[in-house]
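# Reading the structure
This is what each chain is made of:
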Amino acid sequence: VNITVTPLDGVGTLDLSLSWPGNETIDPSIESKLLPPVGSEINLPFIITDDNLGTYNNDDLNTGYYTAIIKLLDLGSWVYDVVEVVRIVKDQVTSGVFTLTEINPNGTIEINITPEMNEIIDVTINGGIAELPKGDAMSVSAVVPPDVGNVVYVWYLKGDPVSTNQSDSFGNDLDKGVYNLTVTAFTADGARAGSATHPFHVVDPNVK
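Only a predicted model underlies this, so the values are computations on that prediction, with no experimental measurement involved.

### Remarks on the confidence of the model for the protein chain
- For the protein chain, mean pLDDT is 87; residues scoring 70 or higher make up 88% of the total.
- Counting contacts from residues 1-5, a segment whose pLDDT is below 50, to residues more than four positions away or on other chains yields 0 contacts.
- Note on residues 105-109: pLDDT under 50 across the span, and 18 contacts to partners over four residues away in sequence or across chains.

And the structure:
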């Protein structure tokens, strides 16, 4: 007996929060959007409180997979970014808690996305370098399980799309600092998706 289970159409809730060390920013702001597999992007207007916490809530999003792009800016300039694939489920809450413990030049991030969905594609990044000398590039490739079939890849750096190849080179034009390199993978029909992130530091090889 073969049983096919398909997600229910409808609307669900997305609840996001982003926090960072308030003493390390002067005039913080957040630019964020959701990208569906097909159709127009959706702006996510975060509300900033206490100069170090931004929140967003929407209980009327159509079900399905999206790419969430969240950029933290200070005085209008990029500071850090998060790119994640999220799934909206009918009558459920998808929550994302993003905590920046430090920001450039020595940043780390803790990321939690709930609920976990078994349908999310397991994406792996090969070839990532943790400490990249300034001016050098790293050659990376994205891999998904063979049973997934054909997927569409998009690479993001500083929260911006930079490539749609399965393999590419990045980092040679970056200043010293901390970055996230993220790749998303969507099936052609948009029914499944996943993402992976490689955090790395660009370092000055002449400074010990």
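### Considering the pattern of salt bridges
- If you walk through the whole model with that rule in mind, you get 3 salt bridges.
- For D91, the salt bridge identified is with K90, shortest N-O distance 2.8 Å.
- Under the relative-accessibility criterion, K90 is labelled partly exposed at 32%.

### Focus on the sheet that holds strand 3 (residues 42-43)
- Spatially, 3-2-6-7 is the arrangement adopted by the 4 strands of the open sheet, whose pairing is antiparallel. Of all strands in the sheet, those bounded by a partner on one side alone are strand 3 and strand 7 (77-88).
- In the sheet, strand 6 (residues 64-74) pairs with strand 7 via 11 bridges, with the strands oriented antiparallel. What sits directly across from Y66, in strand 7, is V86.

### What to know about the packing of aromatic side chains
- Considering all chains together, one arrives at 4 aromatic pairs under this definition.
- Considering the side-chain rings of W78 and Y179, the 5.4 Å spacing of their centres and the 5° angle between planes classify their relative orientation as stacked. On the criterion of sequence distance, the pair formed by W78 in strand 7 and Y179 in strand 16 (residues 177-187) is long-range, its members being 101 residues apart.
- Three or more aromatic residues joined by ring pairs form one cluster here, namely W78, Y179 and F200.

Conventions we followed
- Residues numbered from 1 in each chain as written.
- Predicted model: local features only at pLDDT ≥ 70, side-chain atom pairs only at ≥ 80, totals over all residues.
- Heavy atoms only, no water.
- pLDDT = per-residue confidence, 0-100.
- Contact = heavy atoms within 4.5 Å.
- Salt bridge = Lys/Arg side-chain N within 4 Å of Asp/Glu carboxyl O.
- Buried < 20%, exposed > 50% of the residue type's maximum accessible area, 1.4 Å probe, protein only.
- Pairing = 2+ DSSP bridges.
- Helix = DSSP H or I, 4+ residues; strand = E, 2+ residues; numbered from the N terminus.
- Phe/Tyr/Trp six-rings, centres within 6.5 Å; stacked < 30°, edge-to-face > 60°.

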